[in-house]
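Here are the chains, one letter per residue:
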Amino acid sequence: MTISWTIEMHDSIPSTQDIAKGHARLGRMEGTVVQAREQTAGKGRHGRQWVSKPGNLFLSFILNPPCAAMQIGQISVLIGLALAFTVRQCVAEDARVRIKWPNDVMINDEKCAGILLESELSGPNIRWVIVGIGVNIAAAPPGLGTSLSLHPGRGGKSVLALEFVRRTLLGHIGALYEEWLRSGFANIRQEWLRQSHLRGEPVRIKIGPQIEEGIFYGIDDMGNLQIQDKNLRLRVVTAGEIYGQGAT
Ligand code: BTN
């Protein structure tokens, strides 16, 4: 079953996330996409702001994954991988595209795209997930990462058109979602690990006010982060921010 996408386009709105959430509450279908040319109150993870000027991609869509709430980490990893495939297709061959857990996409160690997941549960299952994605195409906010336009590749400007990036992204998400429904998470996890940032390196994890340290070992079969501590024990982290050692 492929997702059938319908796009609702807006000029300037506070956040595509809130409109998509409203649609989900009214029972709108999986595959409903809300896109905006500009957001005036774009939202990032951990309550941060997502600066949303025209020229970049801002969209949120509804998914109704038929799975348990604890599998939401798999969705997060799947979307991050689809976003990495998309970025890879838009930039120069020698640009190093990596996914930073859970799903930031980096080019040469700088963030160029982010994902925000919000969900509503129905008992132990997921009723809906709103997936919000922001991609810096034309420009990154000053001091905050990079943009695709700084790493032009195959096809030059044409591949950096908003429509191209959106179409490519939704295509990859549809294909990976179908694979996940059909065959489960194992191959997606393997591919994510191949493209992951900081794997095998010493990292710090910020979990609320707390900082944990260890070696980034991998992700488990629910998409949670696995860290090896100094006693060589594996610890599982379900939510937090990961940094390379030395980074703040
Ligand atoms: C992050 O902090 O990395 C996640 C950023 C998610 C931004 C996108 S832009 C489209 C959607 N609408 C929002 O308000 N946020 C998400």
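Criteria and cut-off values
- Residues numbered from 1 in each chain as written.
- Predicted model: local features only at pLDDT ≥ 70, side-chain atom pairs only at ≥ 80, totals over all residues.
- Heavy atoms only, no water.
- Helix = DSSP H or I, 4+ residues; strand = E, 2+ residues; numbered from the N terminus.
- Rg over C-alpha atoms; globule rule 2.2 N^0.38 Å.
- Buried < 20%, exposed > 50% of the residue type's maximum accessible area, 1.4 Å probe, protein only.
- Contact = heavy atoms within 4.5 Å.
- Areas by Shrake-Rupley, 256 points an atom, 1.4 Å probe, with all protein chains shown as cover.
- Lys, Arg positive; Asp, Glu negative; His and termini not counted.
- Charge placed at Lys NZ, Arg CZ, Asp CG, Glu CD.
- Pairing = 2+ DSSP bridges.
- Axes fitted to C-alpha atoms, helices over the stretch in contact; angles between N-to-C directions.
- Polar contact = N/O pair within 3.5 Å; in protein donor to acceptor, adjacent residues only side chain to side chain.

Draft legend 1. Spatial organisation of the overall build of the protein chain. Of the regular secondary structure elements, the protein chain holds 4 helices and 12 strands. Its C-alpha atoms give the protein chain a radius of gyration of 17 Å, near enough to 18 Å, the size a compact globule of 248 residues would have. Along the three orthogonal principal directions, the C-alpha set of the protein chain runs to about 55 × 45 × 35 Å. Buried residues in the protein chain amount to 49% of all 248 residues. Taking contacts inside the protein chain between residues at least 6 apart in sequence as the whole, the part at least 24 apart equals 64%. For the protein chain, the exposed surface amounts to about 11500 Å²; the carbon and sulfur share of it is 53%. Counting 27 positive and 23 negative side-chain charges, the protein chain places the averaged centre of each group 1 Å from the other.

Draft legend 2. Layout of the sheet that holds strand S9 (residues 210-219). Pairing is antiparallel in the open sheet, where 5 strands are placed in the order S11-S10-S9-S8-S12. Since the sheet does not close on itself, it has two edges, and those belong to strand S11 (234-237) and strand S12 (241-244), each with one partner. On average, adjacent strands in this sheet sit at an angle of 50° to one another, irrespective of strand direction. In the sheet, strand S10 (residues 225-228) pairs with S11 via 4 bridges, with the strands oriented antiparallel.

Draft legend 3. Up close: the environment of Lys-206. Relative to the helices and strands, Lys-206 resides in strand S8 (residues 202-207). For Lys-206, a relative accessible area of 39% translates into the label partly exposed. Considered as a pair, Lys-206 and Leu-117 are 89 residues apart in the sequence and their alpha carbons are 19 Å apart. Those residues within four positions of Lys-206 in sequence are excluded, and the remaining contacts are Ile-211, Gly-240, Glu-241 and Tyr-243. At a separation of 3.4 Å, a polar atom in the side chain of Lys-206 contacts the main-chain carbonyl oxygen of Gly-208.

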